[in-house]
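Understanding the architecture of this molecule
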Amino acid sequence: MAECGARGSGSSGDSLDKSITLPPDEIFRNLENAKRFAIDIGGSLTKLAYYSTVQHKVAKVRSFDHSGKDTEQDHEPPYEISVQEEITARLHFIKFENTYIEACLDFIKDHLVNTETKVIQATGGGAFMYQKDADPEFRFQTNHPNIFPYLLVNIGSGVSIVKVETEDKFEWIGGSSIGGGTFWGLGALLTKTKKFDELLHLASKGQHTNVDMLVQDIYGGACQTLGLSGTLIASSFGKSATADREFSKEDMAKSLLHMISNDIGQLACLYAKLHHLDKVYFGGFFIRGHPVTMRTITYSINFFSKGEVQALFLRHEGYLGAIGAFLKGAEQDNPNQYSWGENYAGSSGLMSSSPDLCPAQRARSGTFDLLEMDRLARPLVALPLLLDPSSYVPDTVDLTEDPLARKYWLSCFEEALDGVVKRAMASQPDSIDAAERAEKFRQKYWNKLQTLRHQPFAYGTLTVRSLLDTREHCLNEFNFPDPYSKVKQKENGVALKCFQRVVQSLDTLGWEERQLALVEGLLAGNVFDWGAKAVSDVLESDPQFGFEEAKRKLQERPWLVDSYNEWLQRLKGPPHKCALIFADNSGVDIILGVFPFIRELLFRGTEVILACNSGPALNDVTHSESLIVAERIAAMDPIIHSALEEDRLLLVQTGSSSPCLDLSRLDKGLATLVRERGADLVVIEGMGRAVHTNYHAALRCESLKLAVIKNSWLADRLGGRLFSVIFKYEVPAE
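Residues numbered from 1 in each chain as written. Predicted model: local features only at pLDDT ≥ 70, side-chain atom pairs only at ≥ 80, totals over all residues. Heavy atoms only, no water.

**With respect to the environment of Ile27**
Looking at where Ile27 falls in the secondary structure, it is placed in the loop between helix H1 (11-18) and strand E1 (34-41). Distance from Ile27 to Gly346, taken between C-alpha atoms, is 9.4 Å for residues 319 residues apart in sequence. (Helix = DSSP H or I, 4+ residues; strand = E, 2+ residues; numbered from the N terminus.)

**Here we look at the environment of Leu277**
Structurally, Leu277 can be placed in the loop between helix H6 (249-274) and strand E10 (279-283). In sequence terms Leu277 and Glu165 are 112 residues apart; their C-alpha atoms lie 10.0 Å from each other. Ignoring any residue separated from it by four or fewer positions in sequence, one finds Leu277 in contact with Pro149, Tyr150, Leu151, Lys163, Ala272 and Val309. (Contact = heavy atoms within 4.5 Å.)

**Topic: the nonpolar core**
The tendency in soluble globular proteins is for nonpolar side chains to be buried as a group. Among the nonpolar cores identified, the biggest contains 58 residues, and Trp567, Phe595, Ile598 and Leu610 are the most heavily contacted of them. For this core, the element with the highest residue contribution is helix H19 (residues 588-604), accounting for 10 residues. Setting aside chain neighbours within four positions, we find Ile598 in contact with Ile581, Val608, Leu610, Ile640 and Leu649. One finds Ala405, Met687, Val691 and Ala715 within the second-largest nonpolar core, a separate group that totals 40 residues. (Core = buried A, V, L, I, M, F, W, Y, C linked by side-chain atoms within 4.5 Å. Buried < 20%, exposed > 50% of the residue type's maximum accessible area, 1.4 Å probe, protein only.)

**Overview of the packing of aromatic side chains**
The final tally for this structure, using the stated rule, is 17 aromatic pairs. Look at Tyr408 and Trp409: their rings are 5.0 Å apart centre to centre, the planes differ by 75°, and that puts the pair in the edge-to-face class. What makes Trp409 buried here is its relative accessible area of 7%. With a centroid separation of 4.5 Å and 5° between ring planes, the pair formed by Tyr408 and Trp713 is classed as stacked. Taken together, the residues span a long stretch of sequence, with Tyr408 in helix H10 (residues 403-415) and Trp713 in helix H24 (residues 712-717) at a distance of 305 residues. Members of the aromatic cluster, each reached through a chain of ring pairs, are Phe183, Trp184, Phe196 and Phe286. Here the guanidinium or amino end of Arg557 rests over the ring plane of Trp559, the centre of that ring lying 5.3 Å away. Residue placement shows Lys728 over the ring face of Tyr695; its charged tip is 3.7 Å from the ring centre. (Phe/Tyr/Trp six-rings, centres within 6.5 Å; stacked < 30°, edge-to-face > 60°. Lys NZ or Arg CZ within 6 Å of the ring centre and 35° of its normal.)

**Here we look at the pattern of salt bridges**
Opposite charge on two side chains makes pairing possible when the charged atoms of those side chains draw close. By the definition in use, this model includes 33 salt bridges. For the salt bridge of Arg90 with Glu372, the shortest nitrogen-to-oxygen distance reads 3.3 Å. Linking Arg90 in strand E3 (residues 80-97) with Glu372 in strand E13 (residues 368-375), this pair joins segments that are 282 residues apart in sequence. Across the pair, Glu372 and Arg90 agree in class, each one buried. For Lys273, the salt bridge is made with Glu308, and the minimal N-O distance between the two is 2.4 Å. Here Lys273 is found in helix H6, whereas its partner Glu308 is found in the loop between helix H7 (291-305) and strand E11 (310-313), with 35 residues between them in sequence. For Lys273, a relative accessible area of 38% translates into the label partly exposed. Taken together, the shared-partner salt bridges in this structure form one network comprising Arg90, Glu372 and Asp374. (Salt bridge = Lys/Arg side-chain N within 4 Å of Asp/Glu carboxyl O.)

**Topic: the sheet that holds E10**
The sheet built from 5 strands is open, its strands ordered E7-E6-E5-E10-E11 with mixed pairing. Sheet topology places strand E7 (170-176) and E11 at the edges, where each strand pairs with a single neighbour. The sheet shows a mean angle of 25° between the axes of neighbouring strands, taken without regard to direction. Where strand E5 (residues 150-155) and E10 come together, 4 bridges link them in parallel fashion. Residue pairing in the sheet places Leu152 in a bridge with Tyr281 of E10. Running over the sheet, H6 touches E5, strand E6 (159-164), E7 and E10 and is turned about 155° from E5. (Pairing = 2+ DSSP bridges. Axes fitted to C-alpha atoms, helices over the stretch in contact; angles between N-to-C directions.)

**Quick notes on the pairing of E7**
Here 6 bridges tie E6 to E7, and the two strands are oriented antiparallel to one another. Bridging across to E7, Ile161 finds its partner in Gly174. From the end of E6 to the start of E7, which pair antiparallel, there are 5 residues.

**Some thoughts on helix H11 (residues 417-426)**
Residues of H11 that are buried include every one of Leu417, Val420, Val421, Arg423 and Ala424, and no others. Down the axis of H11, the smallest arc covering the buried residues is 165°, so these residues share one side. (Arc of directions from axis to C-beta.)

All quantities given are derived from atomic positions and should not be read as evidence of function.
Here is the structure:
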């Protein structure tokens, strides 16, 4: 339990608090635009949440106004680009030791600008309650549908155990006074170490077997005949009673950590068995993302439940109380209006000190943990066509569990960094501070990559998708909203000039020959990916590299994964009712690859939903760009024109700004349209969407996953070579 009162009165505490130097730009970000506050003051740590409005740059495209002109100029780009300011909402979460609460609260009070809108919601044993205001509502994405029921074990100063049956039905069923505060308090007495993180650091270097008495210490070799492992702890600190020697701080801290963790694990297991639950979520500041703690609790749960109960951990476990207080402040508003996504650029990793601080500053500021959530423009939901949303995992490879792949991809992103910086600066040639901002981007993203080398789990599950998304977030952080905007504009203009020639050539082919040519066109278009170094090197060195050259790069059949014959056989049957196509790149890909394929589907009698990114990422086509491209193509092609007029071709946004694709977080409007139109075919193209993610995704309908492998390391791992082809046609089981 926490001490009562949010603000202490001891003079020694005051003098200590006032000596803390806080870095406002890195800890209390965007404080001048903060509105609602919530605070969770526990016995050991304080968790603060606040809502702010953030002004940032966004790239916009729009068609040129040709009124008053006789013809469009051949050299004119297909649309114009502008950069505008937009305001979005952001949630900030900050966690720090109670030692700093006076300085933090005073700092916040001193830096608030519009004080009449600043209201604090509070919770925790040491909290004051303040009145709330009526700012916009907030919704946090729920987990998989089958998450309930579960046991929530919150390990703060003590332990609180809650049985959760639904979002609205839960009850406190027990707890313990032996928790994080016990570890901290006894640890301080044993080691004279006052800082919680320093105590964890000591534990990480210790050997508990020097202090603990093991089963083999009691029974020797006979433990095997008893069916017990000799390495089991028989008595925590058991050796300290008889050994005539001093024990190291590290060993004592490790023994204490094991003792507390095992006790909590056994207690949680007993409650789970008593209430017939097989999932236990652990949260609270004691976990702190510490691998030894999580491993010990997991072992304890597995041991005492014989593998029947699963231990699960929350990455930002310490913010549960602050989030609860925050939502309490919005309960009179509609809580389901928005979805949120983590801003990796502003969030710290597990067990992090203050980000971007030099060692001297870090020592002064103590340990702070940060989480930022950006409000998304539209609500996100799962694709209705997922076979089992509860078991769907977007990512093909978990880099936290694959050290070889992790080493390669981290090095790959490091090597690509100079090119990204160069591209960012080139996208804003008239900006006087572009070089300075690009360098700040470089440093921030480089630091994130170094953190992940040492702590792969620092930002949750490490995947190629998370590395790409983090890079995009860091670019946006320094006002580079679309570094490839001019590249896409140029490539779209060039490809549009070739569209009629390509479709006329296709129309001269026989039916079967045309189907293969359409698929090869899709694949050739997918080669044009500026995110792949093998391709960007070619595009930069050979400006004449085009559609026909890309076709010649493709692997000859049979492809690395080749279901084309099955696809061709399916096309000889009745047309699909509606196809949902997730597009990849701008330029040749969307215009000369995807649109001819769409045209053929429409000609067969299939309706088409074309889904493109809501926001920019690399040279991926965005929804706003696709609208202009479709308008231009419709002016040249009667099939596309009539389909748009009759709503048989619908262009929608995915709700994503990523080079990859998470089918569990798609625009709600897209999901509604898929359901209404009865989509029975899903086409996913590109390495990011069909290989790095969704390669194993199981759907309720037919699917095509196709990509060209433009990375030699990945091609080799898959058993192919550079520019090998993935063409995967899947039919769900009857």
